[in-house]
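One-letter residues, chain by chain:
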Amino acid sequence: MEVEKTTHIYQAKYVRNSRAIGVLWGIFTICFAIINLIAFIDPHWIGDSKDSPGIGYFGLYKRCVLYQSSTDVACIGELGIFDTILNVYFKVSTVLVGVSALLILLSICLFLLFFFLQASTVYMICFWFQLLSGK
């Protein structure tokens, strides 16, 4: 009788802790998706702003140069036109970050499988998608 009570207590703690870890995993996945999508969608996120006296700024696929003689900005590079991206390294980075964003969004959608499959199966599926998106 004592063993059954102890086993039941450990099982209840395990289920409670596994649910808490699952919720934390979901929250961190959403945070990673937000960061990943901002890096992919925002065309320029490293460098100066239009108000600063610098020379320009760039992102994965777009670069902008501020002219010294005026406040005009010349931007080159579009996500839809792949040939306008600066060089091969930026093209590869754009593709990899895009694939990573797609995989992490798919991983978030796969969290809906908790309603249909066992939790361990969903964790394994999401683990592999997140591992591929982080590499």
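Residues numbered from 1 in each chain as written. Predicted model: local features only at pLDDT ≥ 70, side-chain atom pairs only at ≥ 80, totals over all residues. Heavy atoms only, no water.

**Focus on the packing of helix α1 (residues 2-41) against helix α2 (residues 88-110)**
What counts is decided by this rule: Here, axes are lines fitted to C-alpha atoms. For helices the fit covers the stretch in contact, and angles between N-to-C directions go from 0 to 180 degrees. Numbered from the N terminus, helices here are DSSP runs of H or I no shorter than four residues, and strands are runs of E no shorter than two. Roughly parallel here means an angle under 35 degrees, roughly antiparallel means over 145, roughly perpendicular means 65 to 115, and every remaining angle is called oblique. Rotating anticlockwise by less than a right angle from the far helix to the near helix defines a left-handed crossing, while the corresponding clockwise rotation defines a right-handed one. Contacts were defined at the residue level, with two residues in contact if any of their heavy atoms lie within 4.5 Å.
The contact between α1 and α2 brings their axes to 9 Å, and the two run at 150°. One element, α1, and the other, α2, form an angle in the roughly antiparallel class. As for how α1 packs across α2, the hand of that crossing is left-handed. Packed against α1, whose contacting residues are Thr29, Ile30, Phe32, Ala33, Asn36, Leu37 and Phe40, the element α2 presents Thr94, Val97, Gly98, Ser100, Ala101, Ile104, Leu105, Ser107 and Ile108 at the interface.

**Quick look at the side chain of Gln130**
Here is the rule: Residue exposure (1.4 Å probe, protein chains only): buried if accessible area is under 20% of the type maximum, exposed if over 50%, otherwise partly exposed. In the analysis that follows, any N or O atom pair within 3.5 Å is treated as a polar contact, provided that within protein one partner can donate a hydrogen and the other can accept it, and provided that, for residues neighboring in sequence, both atoms belong to side chains.
Summarising the element assignment, Gln130 is placed in helix α3 (residues 119-134). Accessibility expressed as a relative area gives 17% for Gln130, which makes it buried. Within the structure, the side chain of Gln130 is placed 3.2 Å from the side chain of Ser107, a separation counted as a polar contact. Sequence-distant contacts of Gln130, defined by excluding residues within four places in its chain, comprise Trp25, Thr29, Ile104, Ser107 and Phe111.

**What to know about α2**
We count it as follows: Working rule for helices: expected span equals 1.5 Å times residues minus one.
Between its first and last C-alpha atoms α2 spans 33 Å; for 23 residues at 1.5 Å apiece the expected length is 33 Å, and the two agree. One side-chain oxygen at the N-terminal end of α2 lies 3.2 Å from the backbone nitrogen of Tyr89; it belongs to Asn87.

**Observations regarding the confidence of the model for the chain**
Rules: Known as pLDDT, the predictor's per-residue confidence is scaled from 0 to 100.
Looking at the chain as a whole, its pLDDT mean stands at 81, while 89% of the residues score no less than 70. Averaged pLDDT values over the elements of the chain bottom out at 70 in strand β1 (residues 46-47) and peak at 89 in α2.

**Describing the pairing of strand β3 (residues 63-66)**
Stated formally: Note on pairing: DSSP must find at least two bridges between two strands before they are called paired.
Going residue by residue along β3, you find Cys64 and Leu66 tucked away on one face and Arg63 and Val65 left uncovered on the opposite face. Sheet analysis places strand β2 (residues 56-58) next to β3, joined by 3 bridges and oriented antiparallel. Each residue of the ladder has a partner; that of Tyr57, found in β3, is Cys64. Count of turn residues in the β2/β3 antiparallel hairpin: 4 residues. Pairing between β3 and strand β4 (residues 73-76): 4 bridges, direction antiparallel.

**Comments concerning a nonpolar patch on the surface**
Our working rule: What goes into a patch is any residue over 30% in relative accessible area without a salt bridge, connected to like charges within 9 Å or, for nonpolar side chains (Val, Leu, Ile, Met, Phe, Trp, Tyr), within 5 Å. In short, Shrake-Rupley with a 1.4 Å probe defines the accessible areas, and a residue's cover is counted only from the protein chains shown. Think of a salt bridge as a Lys or Arg side-chain nitrogen and an Asp or Glu carboxyl oxygen that are within 4 Å of each other.
A surface patch of nonpolar side chains, amounting to about 400 Å² of accessible area, comprises Val23, Leu24, Ile27 and Phe28. Structurally, the position occupied by Ile27 is in helix α1. On the accessibility criterion, Ile27 (44% relative accessible area) is partly exposed.

**Thoughts on the layout of surface pockets**
The line we're drawing: Only protein atoms enter the 1 Å grid used here, on which a cavity is any set of points holding a 1.4 Å probe that cannot leave and a pocket is any open set flanked by protein within 12 Å on both sides along at least five of seven lines; residues with an atom within 4 Å of a point are listed as lining. Grid points are joined across faces, edges and corners, and a volume is the space filled by probe spheres set on the points. Note on residue classes: Ala, Val, Leu, Ile, Met, Phe, Trp, Tyr, Cys and Pro are nonpolar, Asp, Glu, Lys and Arg are charged, and everything else, Gly too, is polar.
Of the volumes computed, that of the largest pocket is approximately 290 Å³. Around the largest pocket, the lining residues are Tyr14, Val15, Ser18, Arg19, Gly22, Val23, Gly26, Phe111, Phe114, Ala119, Ser120 and Tyr123. Taken together, the elements giving at least two residues each to the lining of the largest pocket come down to α1 and α3. If you tally residues by element for the lining of the largest pocket, the top one is α1, at 7 residues. Looking at side-chain class alone, the lining of the largest pocket contains 7 nonpolar, 4 polar and 1 charged residues.

**With respect to the packing of aromatic side chains**
The following threshold applies: Two aromatic rings from Phe, Tyr or Trp, using only the six-membered ring of Trp, form a pair when their centres are within 6.5 Å; if the ring planes differ by under 30 degrees the pair is stacked, by over 60 it is edge-to-face, and anything between is tilted.
In this structure the tally under the stated criterion is 5 aromatic pairs. Ring geometry for Trp25 against Tyr123: centres 5.2 Å apart, planes inclined by 20°, an arrangement best described as stacked. Here Trp25, found in helix α1, pairs with Tyr123, found in helix α3; they are 98 residues apart in sequence, far enough to count as distant. When its relative accessible area of 21% is taken as the criterion, Trp25 is described as partly exposed.

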